[in-house]
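# Residue-level structure breakdown
Residues per chain are reported as follows:
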Amino acid sequence: PPSGQPLKTAVFALGCFWRSEAVFGCFNGVVRTTVGYAGGSKLNPEYRSLGDHAESVQVEYDPRLINFRKLLEVFWSSHDSRQVFGQGPDVGIQYRSIIFTNGTEESRLAAISKEREQTKSKISLVTTQIQQLGTFYPAEPEHQKFELKRNPFLLQLIGNLPEEELERSSLAAKLNGYAAVLCPPTIQKQIDAKINDIMRKGWPILREV
Ligand code: MHO
C-alpha cells in the first residue's frame, strides 16, 4: 500500500501453520503473512521444541481493504474449531484453535463470532480460545510460504525471489494459498486466468495477481 497507510496485524492459530498461512494469504488486503509460535509461555520456541505455544499465522492487512470481521469469517470457515488437539494427522496442543486479540473491540468481535459458531454446532463444544496477544515468535525460514516453496513452477514465475523478499511479498502470500488450493474457488480461478495470460504472452514473470 502507499506509504503512510498503517497496516494492522492479526494472529490466529488453527492447526498446522503451513495451511493457516495459505488460507489467509489468498485475500485482497492481506499484505503479508508470517508463520510462527504464539499463545504459550516458553521463551524462544522452535519447531521441534515449541513448548506450550500453538502454530500460528500473523496476518498483516490493509484495513481499507479487509477487516478483522472478515478475517474472523475466514478463520471459522477454515478449520474444525471443535477439535481440541487439531485435526487429521496433526494432533497435540500445538494445533489448538486460538483467536489472538489486540484491544477490547477485537475481543468483543471474537467473542460474538465464537457464540455464533457455538450456536451452529449444536452438540459439540467449540474449543477455540480467545487470548490477548503476547509475543509472536516467527518460525524458521523453511516453514514460511511452505506451500509455495513446494511449487518450483510458481517460484520461477515470480522470479525466484530471495528468502527475505519471499517472506515480505503479498504476491507470494497469495500464491502460497493458490499453490495449496486453499483459496476460495473464485480467487483460484482468477489466479489461473492470470497465469494462463502470462504464459500465453511468453513474458514469464508474474508481478501481481
Ligand atoms: N503432518 C504435518 C505437520 C506439519 S505442520 C507444520 C507434516 O507433514 O509434518 O505441523
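Scroll up to find the structure.
An account of the accompanying structure is given in this report. The structure displayed is predicted, hence computed values, not measured ones.

### Overview of the side chain of T34
Along the polypeptide, T34 turns up in strand β2 (residues 30-38). Here T34 is in contact with E21, S56, V57, Q58, E60, F136, P138 and Q144, once residues within four sequence places are set aside.

### Observations regarding the site of the ligand
Taken together, C16, F17, W18, Y47, E55, D90 and Y95 make up all the residues around the ligand. Contact distances for the ligand include 3.2 Å between an oxygen atom and a side-chain N or O atom of Y47. Between the ligand and the protein, one listed contact pairs an oxygen atom with a side-chain N or O atom of Y95 at 2.7 Å. In the complex, 69% of the free accessible area of the ligand, which totals 320 Å², lies under the protein chains. Partitioning the shell around the ligand into residue classes produces 5 nonpolar, no polar and 2 charged.

### As for the pattern of salt bridges
The full count for this structure, using the stated rule, is 11 salt bridges. Linking R32 and E60 is a salt bridge whose minimum nitrogen-to-oxygen distance equals 3.0 Å. Pair noted here: R32 is in strand β2 and E60 is in strand β3 (residues 54-61), with a separation of 28 residues, a long-range link. R32 sits in the partly exposed class, given a relative accessible area of 22%. Of the charged contacts, one joins R64 and D62 as a salt bridge, the two residues approaching to 2.7 Å between their closest N and O atoms. Among the residues examined, D62 registers a relative accessible area of 2% and is labelled buried. Linked by salt bridges that have partners in common, D197, R200 and K201 make up one network.

About the thresholds
- Residues numbered from 1 in each chain as written.
- Predicted model: local features only at pLDDT ≥ 70, side-chain atom pairs only at ≥ 80, totals over all residues.
- Heavy atoms only, no water.
- Helix = DSSP H or I, 4+ residues; strand = E, 2+ residues; numbered from the N terminus.
- Contact = heavy atoms within 4.5 Å.
- Near = heavy atom within 4 Å.
- Polar contact = N/O pair within 3.5 Å; in protein donor to acceptor, adjacent residues only side chain to side chain.
- Areas by Shrake-Rupley, 256 points an atom, 1.4 Å probe, with all protein chains shown as cover.
- Nonpolar A, V, L, I, M, F, W, Y, C, P; charged D, E, K, R; others polar.
- Salt bridge = Lys/Arg side-chain N within 4 Å of Asp/Glu carboxyl O.
- Buried < 20%, exposed > 50% of the residue type's maximum accessible area, 1.4 Å probe, protein only.

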